[in-house]
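Residue strings, one per chain:
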Amino acid sequence: MILPIVAYGDAVLKKKAKDITKDYPNLEGLLENMFETMYNAYGVGLAAPQIGLPIRMFLVDTTPFSEDEDLSEDEQKALNGFKRVFINAQITKEEGDEWAFNEGCLSIPDVREDVFRKPKITIEYLDENFKSHKESFDGLIARVIQHEYDHIEGVLFTDKLSSLKKRLIKGRLTNISKGKINVDYRMRFPDQKKKR
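Everything quoted here is computed from the prediction, not taken from an experiment. Along each chain, the written sequence defines residue order, and numbers are assigned to residues from 1. A pLDDT threshold of at least 70 governs which residues receive local features in this predicted model, and a stricter bar of 80 or more applies before side-chain atom pairs are shown or counted, although totals over entire chains, interfaces and linings include all residues. Neither water nor hydrogens contribute to the side-chain values; these are computed over all heavy atoms in the structure.

**Comments concerning the overall build of the protein**
If you tally the helices and strands in the protein, you get four helices and nine strands. Rg of the C-alpha trace for the protein: 16 Å, near the compact-globule value of 16 Å for 196 residues, within the 12% margin. Under the convention used here, Asp and Glu are negative, Lys and Arg are positive, and both His and the chain ends fall outside the count. Charge coordinates come from a single atom per side chain, which is NZ of Lys, CZ of Arg, CG of Asp or CD of Glu. The average position of the 31 basic charges and that of the 33 acidic charges among the side chains of the protein differ by 10 Å. Put simply, DSSP H or I for four residues or longer makes a helix, DSSP E for two residues or longer makes a strand, and each gets a number counted from the N terminus. Note on method: radius of gyration uses C-alpha positions; expected globular size equals 2.2 Å times residues raised to 0.38.

**Notes on the sheet that holds strand β7 (residues 120-126)**
With antiparallel pairing, five strands are arranged side by side in an open sheet as β2-β3-β4-β7-β8. The two strands at the open ends of the sheet, each matched to only one other strand, are β2 (45-47) and β8 (132-138). The sheet shows a mean angle of 40° between the axes of neighbouring strands, direction not considered. Two elements, strand β4 (residues 83-95) and β7, share six bridges in a ladder whose sense is antiparallel. Looking at β7, one finds that Ile 91 is bridged to Ile 123. The strands touched by helix α1 (residues 27-40) are β2, β3 (57-61) and β4; relative to β3, the strand with the most contacts, the crossing angle is about 45°. A pair of strands counts as paired when DSSP detects no fewer than two bridges linking them. Helix axes use the C-alpha atoms of the stretch in contact, all axes being lines fitted to C-alpha atoms, and the angles between their N-to-C directions lie in the range 0 to 180 degrees. Residues are treated as being in contact if the distance between any of their heavy atoms lies within 4.5 Å.

**As for helix α3 (residues 139-152)**
How far a helix is expected to stretch is found by multiplying one less than its residue total by 1.5 Å. Over its 14 residues, α3 extends 21 Å from the first C-alpha to the last, a length consistent with the 20 Å expected when each residue adds 1.5 Å. Relative accessibility under 20% of the residue-type maximum defines a buried residue, over 50% an exposed one, and the middle range a partly exposed one, all with a 1.4 Å probe and only protein chains included. Of all 14 residues that make up α3, 13 are buried, and the element is covered over most of its length.

**Considerations on the side chain of Arg 143**
Summarising the element assignment, Arg 143 is placed in helix α3. With a relative accessible area of 2%, Arg 143 lands in the buried category. Looking at Arg 143, its side chain comes within polar contact range of the main-chain oxygen of Trp 99, at 2.6 Å. In contact with Arg 143, not counting residues within four places along its chain, are Trp 99, Ala 100, Phe 101, Glu 103, Val 115, Phe 116 and Arg 117. Pairs of N or O atoms within 3.5 Å make up the polar contacts considered here, provided that, within protein, one atom can donate a hydrogen while the other can accept it, and that residues adjacent in sequence are counted only when both atoms are side-chain atoms.

**Some remarks on the side chain of Gln 146**
Looking at the element boundaries, Gln 146 is found in helix α3. For Gln 146, a relative accessible area of 2% gives the class buried. Residues within four places of Gln 146 in sequence aside, it is in contact with Ile 91, Glu 94, Arg 117, Lys 118 and Ile 121.

**Some remarks on the pairing of strand β5 (residues 99-105)**
Where β5 meets strand β6 (residues 108-117), six bridges bridge the pair, whose relative direction is antiparallel. By the bridge assignment, Trp 99 is partnered in β6 with Arg 117. As consecutive antiparallel partners, β5 and β6 are separated by two residues.

**Describing the packing of aromatic side chains**
Aromatic pairs are defined between Phe, Tyr and Trp rings, using the six-membered ring for Trp, whenever the two ring centres lie within 6.5 Å; interplanar angles under 30 degrees are classed as stacked, those over 60 as edge-to-face, and all others as tilted. This structure, assessed with the given rule, holds six aromatic pairs. Relative to Tyr 39, the ring of Phe 35 has its centre 5.9 Å away and its plane inclined at 25°; by these criteria the two rings are stacked. One end of the pair, Phe 35, and the other, Tyr 39, are both in helix α1, four residues apart, so they sit about a helical turn from each other. Taking the relative accessible area as the measure of exposure, Phe 35 reaches 12% and is therefore buried. Only when the NZ atom of a Lys or the CZ atom of an Arg is both within 6 Å of the ring centre and within 35 degrees of the ring normal do we say a charge sits over the ring. Lying over the aromatic face of Phe 35, Lys 83 brings its terminal NZ or CZ to 4.6 Å of the ring centre. For Arg 143, the ring lying beneath its charged end belongs to Trp 99, and the centroid distance is 4.3 Å.

Purely geometric stuff here, so don't read any function into it on its own.
This is the structure:
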């Protein structure tokens, strides 16, 4: 089932999400719905707060990036088929010199900005079977994970922009929260006067 994606301005996107236990109700169904919602919106990641749930869970599938001609063959191979569920994740280490990449977000449609992040991370998390993992990732995979991880910490990529950049996009962000934007996937707008 395709769920509506919560738009910029909703309080759930600014909340630090809570851990869940393996008896979380209908977890398998929720994950299926989240993947379906993400693919429907042509996303490479989706966090639970983006569908209105303040829980520490997100999923990624970086396959669409594997078709980027500008990437090395090794990077393309790593990105192709990289599909994971991260539950109760904690990034324990971020390393290297920050690099800029043009990021966007399904909750903030049509806004893309360069965001600086460290290239390598170490993360501890549980998968969909509640099996525990500790892994390191780098490059675009690390970036997608960092972006989704920020969501469960109540941080949006726009929070990482300079105050000048924030001022320049303020009007666009306000319009998004009011639903004054054309999107080709289901969304829920916090400041929309009445439901469509």
